[in-house]
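Per-entry structural report
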Amino acid sequence: MISSNDFRPGVSIELDGAVWRVVEFLHVKPGKGSAFVRTKLKNVQTGSVVERTFRAGETVPQAVLEKSTIQHTYKDGEDYVFMDMETYEENRLTVAQIGDRVKYLKEGMEVNVVRWNNQVMEVELPNSVVLEVTQTDPGVKGDTATGGTKPAIVETGAQVMVPLFISIGERIKVDTRTDSYLGRE
């Protein structure tokens, strides 16, 4: 159990049979009446955001999340096969379990998987990955770093906007959270 006074961004709680993560909180002490905590909660599975108010000192169950490191070994049909780095067990995850960042997943990449009651809640990829550009329009002489952007397809199939001077075969660093180009590698 955790008190509503101990809420901080990132704390996970259980409400209505689901896991919610505190995104924002505000402890309010009105001049008249009792204090309360106004929160913004995000459902870990669905991603929906909800605003909820708790009485100050109210206790709610804290979600016990297990985090482990797994390595992507290969793709089998629609499933992605991972190996647990501690037990060497094979795990299969679907695109729905991994989420939209599956477009940056490549073989040999290590990811963190968060589980609650032996159910996969989310898969955390590294914040940035280095990928090779496989398709893009050719650069033109005189293109500069501040001259604009063009779409490029990387080795995993994801599309990233890159500066005009990037050409096919170059390795670039991509931010997986914002889908943005970070620089050459």
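Look up a bit, the structure's there.
Presented here is an overview of the structure given in this document. (Residues numbered from 1 in each chain as written. Predicted model: local features only at pLDDT ≥ 70, side-chain atom pairs only at ≥ 80, totals over all residues. Heavy atoms only, no water.)

1. Brief notes about the environment of M109
Here M109 is to be found in the loop between α1 (95-98) and β10 (110-116). In this structure the C-alpha to C-alpha distance between M109 and T136, which are 27 residues apart in sequence, comes to 24 Å. (Helix = DSSP H or I, 4+ residues; strand = E, 2+ residues; numbered from the N terminus.)

2. Notes on the sheet that holds strand β2 (residues 12-15)
Hydrogen bonding along the main chain pairs the strands of a sheet, whether they run parallel or antiparallel. Ordered in space as β2-β3-β4-β5, the four strands form an open sheet in which the pairing is antiparallel. Edge positions in the open sheet fall to β2 and β5 (49-55), since each of these has one partner strand only. Recorded for the sheet is a direction-independent mean angle of 45° between the axes of neighbouring strands. By the bridge criterion, seven bridges tie strand β4 (residues 36-43) to β5 in an arrangement that is antiparallel. Bridged to K42 within β5 is V49. (Pairing = 2+ DSSP bridges. Axes fitted to C-alpha atoms, helices over the stretch in contact; angles between N-to-C directions.)

3. Structural notes on the nonpolar core
Counting residues in hydrophobic clusters, the biggest one holds 25 residues, and the most contacted among them are F82, I98, Y104, L105, V111 and V123. When residues of this core are traced back to their parent elements, those giving at least two are β8 (79-84), β10, β11 (119-124), β12 (128-136), β13 (149-154), β14 (159-163) and β15 (171-175). In terms of residues, this core owes the most to one element, β12, which gives three residues. With residues near it in sequence (within four places) discarded, F82 still touches I70, Q71, H72, T73, E89, E90, N91, L93, I98, L105 and V111. Among the nonpolar cores identified, the runner-up in size contains twelve residues, and F7, L15, W20 and V22 belong to it. (Core = buried A, V, L, I, M, F, W, Y, C linked by side-chain atoms within 4.5 Å. Buried < 20%, exposed > 50% of the residue type's maximum accessible area, 1.4 Å probe, protein only. Contact = heavy atoms within 4.5 Å.)

4. Details of unusual backbone geometry
Positive phi is not limited to glycine here, since D16 has a value of about 55°. Along the chain, D16 turns up in the loop between β2 and β3 (18-28). Positive phi outside glycine occurs at N117, with the angle close to 55°. Within the secondary structure layout, N117 lies in the loop between β10 and β11. Since its relative accessible area comes to 60%, N117 is described here as exposed.

5. As for the environment of V129
With respect to the secondary-structure elements, V129 resides in strand β12. The buried category is assigned to V129, whose relative accessible area is 5%. Note: C-alpha distance between V129 and D175 (46 residues apart in sequence) is 6.7 Å. Those residues in contact with V129 that lie beyond four places of it in its chain are Y104, M109, I172, K173, V174 and T176.

6. Quick look at the pattern of salt bridges
Evaluated as defined, the whole model comprises eight salt bridges. One salt bridge connects K103 with D179, and the closest N-O pair in it is separated by 3.3 Å. Taken together, the positions of K103 in the loop between α1 and β10 and D179 in the loop between β15 and β16 (180-184) put the pair 76 residues apart, joining distant regions of the chain. For K103, a relative accessible area of 30% corresponds to the partly exposed category. Through salt bridges with shared partners, one network takes in D76, E90 and R92. (Salt bridge = Lys/Arg side-chain N within 4 Å of Asp/Glu carboxyl O.)

7. Topic: the sheet that holds strand β7 (residues 66-76)
The five strands are arranged β9-β8-β7-β10-β11 in an open sheet whose pairing can be described as antiparallel. Each edge of the open sheet is held by one strand with a lone partner, namely β9 (90-93) and β11. Across the sheet, the mean angle from the axis of one strand to that of its neighbour is 40°, orientation sign disregarded. Where β10 and β11 come together, five bridges link them in antiparallel fashion. Directly across from R115, in β11, lies its bridge partner V120.

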